[in-house]
Amino acid sequence: MSKLPAISGRSCVKVLEKTGFYLKRREGSHMILRRDYPFVQVVVPDHKELDRGTLRAIIRQAGLSIGEFVELL
């Protein structure tokens, strides 16, 4: 299992955009991203550094493994 990197919310969004997600809307400091097929919606906080548990949950909801996510960085 790969170790989770310490990244910002915007870096996370850039990686998710590579897998087909797009910015649906923004509410305060939260960015809501959506992928139409298969339908998935994730919320990414726009923080300088995401907590490991938050990043792990985002990766899981996006249907990626940690290794796949790290490769796309």
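What counts, and where the lines are drawn
- Residues numbered from 1 in each chain as written.
- Predicted model: local features only at pLDDT ≥ 70, side-chain atom pairs only at ≥ 80, totals over all residues.
- Heavy atoms only, no water.
- Helix = DSSP H or I, 4+ residues; strand = E, 2+ residues; numbered from the N terminus.
- Rg over C-alpha atoms; globule rule 2.2 N^0.38 Å.
- Buried < 20%, exposed > 50% of the residue type's maximum accessible area, 1.4 Å probe, protein only.
- Contact = heavy atoms within 4.5 Å.
- Areas by Shrake-Rupley, 256 points an atom, 1.4 Å probe, with all protein chains shown as cover.
- Lys, Arg positive; Asp, Glu negative; His and termini not counted.
- Charge placed at Lys NZ, Arg CZ, Asp CG, Glu CD.
- Core = buried A, V, L, I, M, F, W, Y, C linked by side-chain atoms within 4.5 Å.
- Salt bridge = Lys/Arg side-chain N within 4 Å of Asp/Glu carboxyl O.
- Pairing = 2+ DSSP bridges.

Focus on the overall build of the chain
Each helix and strand counted, the chain has 3 helices and 3 strands in total. Taken from N to C terminus, the helices and strands of the chain fall in the order α-β-β-β-α-α. Relative to a compact globule of 73 residues, whose C-alpha radius of gyration would be 11 Å, the chain shows 11 Å and is just as compact. Projected onto its principal axes, the C-alpha positions of the chain cover 30 × 25 × 15 Å. When burial is assessed residue by residue, the chain has 37% of its 73 residues classed as buried. Partitioning the contacts of the chain with sequence separation of at least 6, the portion at a separation of at least 24 is 44%. Carbon and sulfur atoms provide 49% of the accessible area of the chain, an area that totals close to 4600 Å². In the chain, 13 positive and 8 negative side-chain charges are present, and the distance between their average locations comes to 2 Å.

Structural notes on the nonpolar core
Counting residues in hydrophobic clusters, the biggest one holds 20 residues, and the most contacted among them are Cys-12, Leu-16, Leu-33, Val-44, Leu-55 and Phe-69. If you list the elements that add at least two residues to this core, you get α1 (9–18), β2 (30–35), β3 (40–45), α2 (52–62) and α3 (66–72). In this structure, Val-44 is in contact with Gly-9, Cys-12, Val-13, Leu-16, Ser-29, His-30, Met-31, Leu-33, Leu-50 and Ile-58, ignoring residues within four places of it in sequence.

Here we look at the pattern of salt bridges
For the structure shown, the criterion picks out 3 salt bridges. Put simply, Arg-26 and Asp-46 hold a salt bridge, and the shortest N to O gap is 2.6 Å. Taken together, the positions of Arg-26 in strand β1 (residues 22–27) and Asp-46 in the loop between β3 and α2 put the pair 20 residues apart, joining distant regions of the chain. Accessibility expressed as a relative area gives 42% for Arg-26, which makes it partly exposed. A residue is classified by how much of its surface remains accessible, and Asp-46, at 18% relative accessible area, is buried.

Looking at the pairing of β2
Of all 6 residues making up β2, 5 are buried, and the element is well covered by its neighbours. Where β1 meets β2, 5 bridges bridge the pair, whose relative direction is antiparallel. Note that in β2 the partner of Arg-26 across the bridge is Met-31. The antiparallel pairing of β1 with β2 creates a hairpin that spans 2 residues between the two strands, and Gly-28 there sits at a positive phi of about 65°.

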